[in-house]
Amino acid sequence: MTDQISYMDTAAATDVGVDYKRRSVVGLDLHPGQIVLDVGCGPGTDLGRLADAVGPGGSVIGVDRDPLMLAEARRRHAATAGVEVRAGDIHDLPFADASVDRARADRMLQHVRDPQSAVGEVRRVLRPGGLFGTAEPDWDTLAVADDDVATSRAFARFVAGRVRNATIGRELPRLCVRAGFRVRSVEPIPVLFRDFGTADRILGLRRNTDRAVEAGVLLDAVAAAWLGRLAAGPVVAGFTVYLVVAVAQ
Ligand SMILES: C[S@@+](CC[C@H](N)C(=O)[O-])C[C@H]1O[C@@H](n2cnc3c(N)ncnc32)[C@H](O)[C@@H]1O
C-alpha cells in the first residue's frame with residue numbers, strides 16, 4: 001500500500017475523521033435508487049457507505065484521476081453491489097449534464113488546478129435540486145500549542161504553503177454560489193489532536209519540520225527543541241474543516 005493510501009486510511013480512522021465522514025453522508029440526504037458521485041474518491045473510503053444509503057437499485061460512482069487510487073478502490077469494491085469506479089478529472093467529468101442526483105468531494109478540492117471550474121463541473125452533472133456535499137480544510141487555521149509561538153506559526157505557514165488551495169475551506173460557499181448552487185449549510189468541524197502520534201501522522205509534525213529545516217524556514221536546533229516539547233506533551237494541535245451542503249439551482 002502506498003504512503004498516500006495509508007495516510008488517507010489513517011485520517012479516515014481518527015475519531016474526527018469517522019465523525020465528519022458520517023455527517024457528510026447524512027448531509028447528502030441519500031435515498032434508495034439515487035445515482036451518487038464521489039469525486040476524488042481516493043482508495044474508495046466512502047463508497048461502501050454511499051452504496052448502503054442508495055440501496056440495491058441505486059448507483060455509486062467513484063471518480064479519481066490517480067491510477068493507484070483507482071486500482072485500490074476497484075480492489076476494495078470488486079464485490080460491492082452498485083459501486084463502479086471510473087477514471088476522470090473533476091474539471092472534465094465523464095457524465096452528461098443533469099445526470100446524477102448527488103455528488104460529494106471530500107478533501108480533494110484543496111488539490112485541484114481550478115476550484116471554481118471544478119465546482120462548476122459538479123454543478124453541470126447534477127440535476128436541478130440535486131445536492132453537492134463537500135468537506136475541505138482551511139490550513140490557515142492550523143495551530144499547534146507550544147511556548148515557542150513563533151516556531152508554531154512558522155510551521156503552520158510552511159504547511160499551508162505546501163497545499164495548492166490552502167484556504168479552500170472558507171471559500172466553499174462562495175465557489176458554490178458562483179457555480180449556480182444555493183448553499184444549504186456551512187458547518188465548521190474542529191479537528192483536534194491531543195496525542196503526539198496522531199498529530200504527527202496527520203499533520204506531519206516531524207516530516208514537515210524536516211522539510212522546513214531543509215528549506216531554511218526553521219533552524220535545526222530550534223525545530224528539534226520544538227518537536228521535543230511536543231513529543232513530551234500535552235499536545236494541542238488542530239485546524240478547521242468546513243463541511244458544506246449546496247443545492248443545484
Ligand atoms: C486527500 S485524497 C481524499 C480521498 C477521499 N475523498 C477520502 O476522503 O478519503 C484526494 C483525492 O483526490 C484525487 N484528485 C486530486 N485532484 C483530482 C482531480 N482533478 N480530479 C479527480 N480526482 C482528483 C486524488 O487522486 C486523491 O485520491
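Conventions used here
- Residues numbered from 1 in each chain as written.
- Predicted model: local features only at pLDDT ≥ 70, side-chain atom pairs only at ≥ 80, totals over all residues.
- Heavy atoms only, no water.
- Core = buried A, V, L, I, M, F, W, Y, C linked by side-chain atoms within 4.5 Å.
- Buried < 20%, exposed > 50% of the residue type's maximum accessible area, 1.4 Å probe, protein only.
- Helix = DSSP H or I, 4+ residues; strand = E, 2+ residues; numbered from the N terminus.
- Contact = heavy atoms within 4.5 Å.
- Near = heavy atom within 4 Å.
- Polar contact = N/O pair within 3.5 Å; in protein donor to acceptor, adjacent residues only side chain to side chain.
- Areas by Shrake-Rupley, 256 points an atom, 1.4 Å probe, with all protein chains shown as cover.
- Arc of directions from axis to C-beta.
- Salt bridge = Lys/Arg side-chain N within 4 Å of Asp/Glu carboxyl O.
- Phe/Tyr/Trp six-rings, centres within 6.5 Å; stacked < 30°, edge-to-face > 60°.
- Pairing = 2+ DSSP bridges.
- Axes fitted to C-alpha atoms, helices over the stretch in contact; angles between N-to-C directions.
- Expected span 1.5 Å × (residues − 1).

*Asks:* Looking at this structure, how should I read the nonpolar core?
*Replies:* Note that soluble globular proteins tend to have their nonpolar side chains buried in a common cluster. Within the largest apolar cluster, 29 residues are counted, with the highest numbers of intra-cluster contacts made by Trp 139, Leu 142, Leu 203, Leu 205 and Phe 239. Elements supplying a minimum of two residues to this core: helix 2 (15–27), strand 5 (126–144), helix 6 (149–161), strand 6 (181–193), helix 8 (196–203), helix 10 (220–232) and strand 7 (237–248). With residues near it in sequence (within four places) discarded, Leu 205 still touches Phe 155, Phe 196, Ala 199, Asp 200, Trp 226, Leu 227 and Leu 230. Ile 61, Leu 93, Ala 103 and Phe 181 belong to the second-largest nonpolar core, a separate cluster that totals 28 residues.

*Asks:* For this particular structure, what's the right way to read the site of the ligand?
*Replies:* By nearness alone, 20 residues border the ligand, and Lys 21, Gly 40, Asp 64, Ile 90 and Arg 107 come closest of all. Measuring from an oxygen atom of the ligand, one finds a side-chain N or O atom of Lys 21 at 2.7 Å. Arg 107 places a side-chain nitrogen or oxygen 2.8 Å from an oxygen atom of the ligand. Out of a free accessible area of 600 Å², the ligand has 96% covered by protein chains.

*Asks:* Help me understand helix 1 (residues 3–13) in this model?
*Replies:* Working note: α-helix, 3.6 residues per turn, so residues spaced by three or four point in the same direction. Buried residues of helix 1: Ile 5, Met 8, Ala 11 and Ala 12, and no others. For helix 1, the angular spread of buried residues about the axis comes to 125°, placing them on one side. Across from the buried face of helix 1, at angles greater than 90 degrees, the exposed residues are Asp 3 and Ala 13. Looking at the buried side of helix 1, the elements it contacts are helix 2, helix 4 (67–76) and helix 8.

*Asks:* In this structure, what is going on with the pattern of salt bridges? I would like to understand it.
*Replies:* When the charged atoms of two side chains lie near each other, side chains of opposite charge can form a pair. Under the counting rule described, the total for this entry stands at 21 salt bridges. Note that Arg 107 is salt-bridged to Asp 106, the shortest N-O span being 3.3 Å. Looking at Arg 107, the relative accessible area reads 22%, which means it is partly exposed. The buried category is assigned to Asp 106, whose relative accessible area is 7%. Put simply, Arg 206 and Asp 200 hold a salt bridge, and the shortest N to O gap is 2.7 Å.

*Asks:* How should I be thinking about the packing of aromatic side chains in this particular structure?
*Replies:* Geometry of an aromatic ring pair is reported as the spacing of the ring centres plus the angle between the planes. One pass over the full model with this rule turns up three aromatic pairs. For the pair Phe 155 and Trp 226, a centre-to-centre distance of 5.0 Å together with 40° between the ring planes defines the contact as tilted. In this pair, Phe 155 is assigned in helix 6 and Trp 226 in helix 10, connecting sequence segments 71 residues apart. The two residues Phe 155 and Trp 226 agree in class, both being buried.

*Asks:* Would you mind showing me how to read the sheet that holds strand 7 here?
*Replies:* The strands that make up a sheet are held in pairs by hydrogen bonds between backbone atoms, and each pair lies either parallel or antiparallel. The mixed open sheet is built from seven strands, whose spatial order is 3-2-1-4-5-7-6. In the strand order of this sheet, the two ends are held by strand 3 (83–87) and strand 6, each with one partner. Sheet twist, expressed as the average angle between the axes of neighbouring strands with direction ignored, equals 15°. Sheet topology places strand 1 (residues 35–39) next to strand 2 (residues 59–64); five bridges connect them, and they run parallel. Across the sheet, Val 39 pairs through a bridge with Val 63, a residue of strand 2. Each of strand 1, strand 2, strand 3 and strand 4 (100–106) touches helix 3 (residues 47–54); the most contacted strand, strand 2, lies at about 155° to it.

*Asks:* Just checking my understanding: could you explain helix 10 for this structure?
*Replies:* Counted at 1.5 Å a residue, the expected span for helix 10 with its 13 residues is 18 Å, and the 18 Å between its end C-alpha atoms agrees. Against strand 5, helix 6, helix 8 and helix 9 (205–214) lie the buried residues of helix 10. Once helix 10 finishes, Gly 233 follows within two positions and takes phi at roughly 75°, a positive value.

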